[in-house]
Amino acid sequence: MTAKKVRVGFFDFTGCEGCQLAKVSMENELPQILEHIEIVNFREAMSEKSWDMDVAFIEGSITTPACVERINRIRQAAPILVTLGACSTIGGINAIRVGRDLDEIRQEVYGDKRYLFPSLPVMPVSAVVKVDASIYGCPPNPKDVARFLTQFLAGKIPQAPKYPVCIECKLQGNACLLVQGIPCMGVVTRAGCGAWCPSKGQFCYGCRGLIPDANLDALRISFEECGLSQQEIDNKLHLFSGRELEKLS
Ligand code: SF4
Ligand code: SF4
Ligand code: SF4
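Predicted, not measured: the structure shown is a model, and the values here were computed from it. (Residues numbered from 1 in each chain as written. Chains lettered and ligands numbered in written order. Predicted model: local features only at pLDDT ≥ 70, side-chain atom pairs only at ≥ 80, totals over all residues.)

K.L.:
Please set out the pairing of strand 1 (residues 6-12) residue by residue, giving values where relevant.
P.N.:
A large share of strand 1 lies buried, amounting to five of its seven residues. Pairing of strand 1 with strand 2 (residues 37-42) involves five bridges; the strand directions are parallel. Pairing of arginine 7 across the sheet is with glutamate 38, part of strand 2. Here strand 1 runs beside strand 3 (residues 55-59); their pairing, made up of five bridges, is parallel. Note on strand 3: the bridge partner recorded for aspartate 12 is glutamate 59. (Buried ≥ 20, exposed ≤ 12 C-beta atoms within 10 Å, placed from the backbone. Helix = DSSP H or I, 4+ residues; strand = E, 2+ residues; numbered from the N terminus. Pairing = 2+ DSSP bridges.)

What follows is the structure, encoded as structure tokens:
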């Protein structure tokens with residue numbers, strides 16, 4: 001007898017839709033994974049839609065009252081809800097505006113033009129509904145998405161690591177960029193990407209958000225030693241983790 005396929009829905013909120021492209025980039029793993037799942041809702045790829053699903057993957061932040069209504073509807077329909085990417089998991093790059101005056105930003109972006117949607121302060125999905133698991137990153141590493149789906153199909157709900165990117169960076173045998181005076185965020189950033197950026201000689205931007213108990217004071221001292229001003233350090237920290245920093249303050 002053929003095993004019943006897992007019914008999966010993908011839903012996008014405020015984001016660039018790059019997380020959804022990360023799934024399509026799993027060319028090696030995708031054919032095998034598709035043998036075990038049935039996609040029932042995916043605006044980017046199909047016109048038919050069903051709300052009868054086993055798991056919902058959510059991309060994008062919650063930024064309007066309409067988002068709040070829709071995510072509640074999805075939560076009611078899906079027994080398991082997984083956030084996909086930085087925007088839905090931690091607020092992500094949309095949260096760069098946290099701590100700034102919303103009216104001032106509206107004036108800067110729209111000037112005297114009308115805008116269609118009233119915006120709320122940027123929220124990760126977990127600020128509105130219960131989240132069962134999260135896939136971090138902007139965009140998520142396709143290998144991380146494939147690993148998640150493989151474990152999920154084996155009956156587990158995988159949880160992300162709580163240790164920093166530095167651990168994976170050391171395992172890759174990379175020379176540390178921070179000690180060379182390059183301001184790398186790996187020391188305070190949640191692992192799981194396999195130290196994707198430092199392994200290619202690029203500093204970590206912190207796209208997977210902060211680890212619990214991140215030592216931000218020590219990071220600030222290191223970044224000052226790299227020659228960054230306080231404003232530049234703030235900008236780096238706020239690039240993806242504006243919402244997390246707000247919770248810490
Ligand atoms: S997490 Fe990054 S790639 Fe994904 S929707 Fe947000 S901005 Fe785009
Ligand atoms: S390069 Fe970055 S991620 Fe790698 S060990 Fe140094 S600080 Fe950590
Ligand atoms: S190294 Fe940093 S910026 Fe690059 S993917 Fe990993 S967490 Fe994101």
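K.L.:
Can you tell me about the site of ligand 2, naming the residues and giving the values?
P.N.:
Near ligand 2 there are 13 residues, and of these Cys166, Cys169, Cys176, Cys184 and Gly186 occur at the shortest range. Tallied by class, residues from the shell around ligand 2 come to 11 nonpolar, two polar and no charged. (Near = placed C-beta within 6 Å. Nonpolar A, V, L, I, M, F, W, Y, C, P; charged D, E, K, R; others polar.)

K.L.:
For the nonpolar core, give the residues involved together with the corresponding values.
P.N.:
Of all hydrophobic cores here, the largest spans 38 residues; its most connected members are Val55, Ala56, Phe57, Ile58, Val82 and Ala86. Broken down by secondary-structure element, the contributors of at least two residues to this core are strand 1, helix 1 (18-24), strand 3, helix 3 (65-77), strand 4 (80-84), helix 4 (86-90), strand 5 (133-135) and helix 6 (142-153). It is helix 6 that provides the largest number of residues to this core, a total of five residues. Judged by nonpolar contacts, the second largest core, of 18 residues, contains Cys166, Val188, Cys204 and Phe223. (Core = buried A, V, L, I, M, F, W, Y, C linked by C-beta atoms within 7 Å.)

K.L.:
Account for the site of ligand 3, naming residues and giving values.
P.N.:
In the region of ligand 3, 13 residues are neighbours, and Cys193, Trp196, Cys197, Cys204 and Cys207 sit closest. Grouping the amino acids of the shell around ligand 3 by side-chain chemistry returns nine nonpolar, three polar and one charged.

K.L.:
Just give me the short version of helix 6, but keep the residues and values in it.
P.N.:
Taking 1.5 Å per residue, 12 residues should reach 16 Å; helix 6 reaches 16 Å between its end C-alpha atoms and fits that length. Every buried residue of helix 6 is listed here: Asp144, Val145, Ala146, Phe148, Leu149 and Phe152. Remark: glycine 155 follows helix 6 within two positions and exhibits a positive phi of approximately 95 degrees. (Expected span 1.5 Å × (residues − 1).)

K.L.:
With reference to specific residues and values, describe the domain arrangement of the protein chain.
P.N.:
Interfaces are often described in size by the accessible area the parts lose on coming together. Taken domain by domain, the protein chain comprises domain 1 (6-153) and domain 2 (165-248). One C-alpha centre belongs to domain 1, the other to domain 2, and the line joining them spans 24 Å. Domain 1 puts 18 residues into the contact, and the matching count from domain 2 is 16 residues. Broken down by element, the side of domain 1 that touches domain 2 gets its largest block of residues, three residues, from helix 4. (Domains from an automatic or database assignment. Contact = placed C-beta atoms within 7 Å.)

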